[in-house]
Amino acid sequence: MSLTRRFGRARIDLSEGDARKLQFISQNCVLDIFFYPLERGSTPVATHVEARQRKGGGDADRAGCIEEVERSVAGG
């Protein structure tokens, strides 16, 4: 999956029915990516992204969190 190449190994990989959630973390934020099939029986695609602070769980900027998770995988 290209997301694991981009964000590293998922901290959580959870499936329920035809839905799936992958969770990635950086030092400061948590990134949840939700997958759902667009049509019955189709391959699930990323349809929703949430980002929150690791400490306190407050909202985090999604784009900033994505960049931070990518940097943590790249070693920066």
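Everything below is about the structure shown above.
Residues numbered from 1 in each chain as written. Predicted model: local features only at pLDDT ≥ 70, side-chain atom pairs only at ≥ 80, totals over all residues. Heavy atoms only, no water.

Participant: Looking at this structure, how should I read the packing of aromatic side chains?
Facilitator: Centre distance and the angle of the planes are the two values used to describe a pair of aromatic rings. Using the criterion set out here, one finds one aromatic pair in the structure. With centroids separated by 5.2 Å and ring planes inclined at 45 degrees, the aromatic side chains of Phe-7 and Phe-24 adopt a geometry described as tilted. Taken together, the residues Phe-7 in helix 1 (residues 2-7) and Phe-24 in strand 2 (residues 19-25) connect sequence positions 17 residues apart. For the pair formed by Phe-7 and Phe-24, the shared burial category is buried. (Phe/Tyr/Trp six-rings, centres within 6.5 Å; stacked < 30°, edge-to-face > 60°. Helix = DSSP H or I, 4+ residues; strand = E, 2+ residues; numbered from the N terminus. Buried < 20%, exposed > 50% of the residue type's maximum accessible area, 1.4 Å probe, protein only.)

Participant: Can you help me understand the sheet that holds strand 4 (residues 45-53) in this one?
Facilitator: Hydrogen bonds between backbone groups are what pair the strands of a sheet, and the pairing can be parallel or antiparallel. On the basis of which strands lie adjacent, the open sheet formed by four strands has the order 1-2-3-4 and antiparallel pairing. With one partner strand each, in any of the chains shown, strand 1 (12-16) and strand 4 form the two edges of the open sheet. The mean angle between the axes of side-by-side strands here comes to 15 degrees, regardless of whether they run parallel or antiparallel. Inspection of the sheet shows strand 2 paired to strand 3 (residues 29-36) by six bridges, in the antiparallel sense. Looking across to strand 3, one finds that Lys-21 is bridged to Phe-34. (Pairing = 2+ DSSP bridges. Axes fitted to C-alpha atoms, helices over the stretch in contact; angles between N-to-C directions.)

Participant: What should I look at first to understand the state of the cysteines in this one?
Facilitator: Disulfides are covalent bonds that connect the sulfur atoms of two cysteines. Going through the model one piece at a time under the given rule, you end up with one disulfide. Each sulfur in the disulfide pair Cys-29 and Cys-65 lies 2.2 Å from the other. Between Cys-29 and Cys-65, the disulfide has an S-S torsion of 95 degrees and is therefore right-handed. Of this pair, Cys-29 sits in strand 3 while Cys-65 sits in helix 2 (residues 62-74), placing them 36 residues apart in sequence. Classification of Cys-65 by relative accessible area gives buried; the value is 2%. (Disulfide = S-S within 2.5 Å.)

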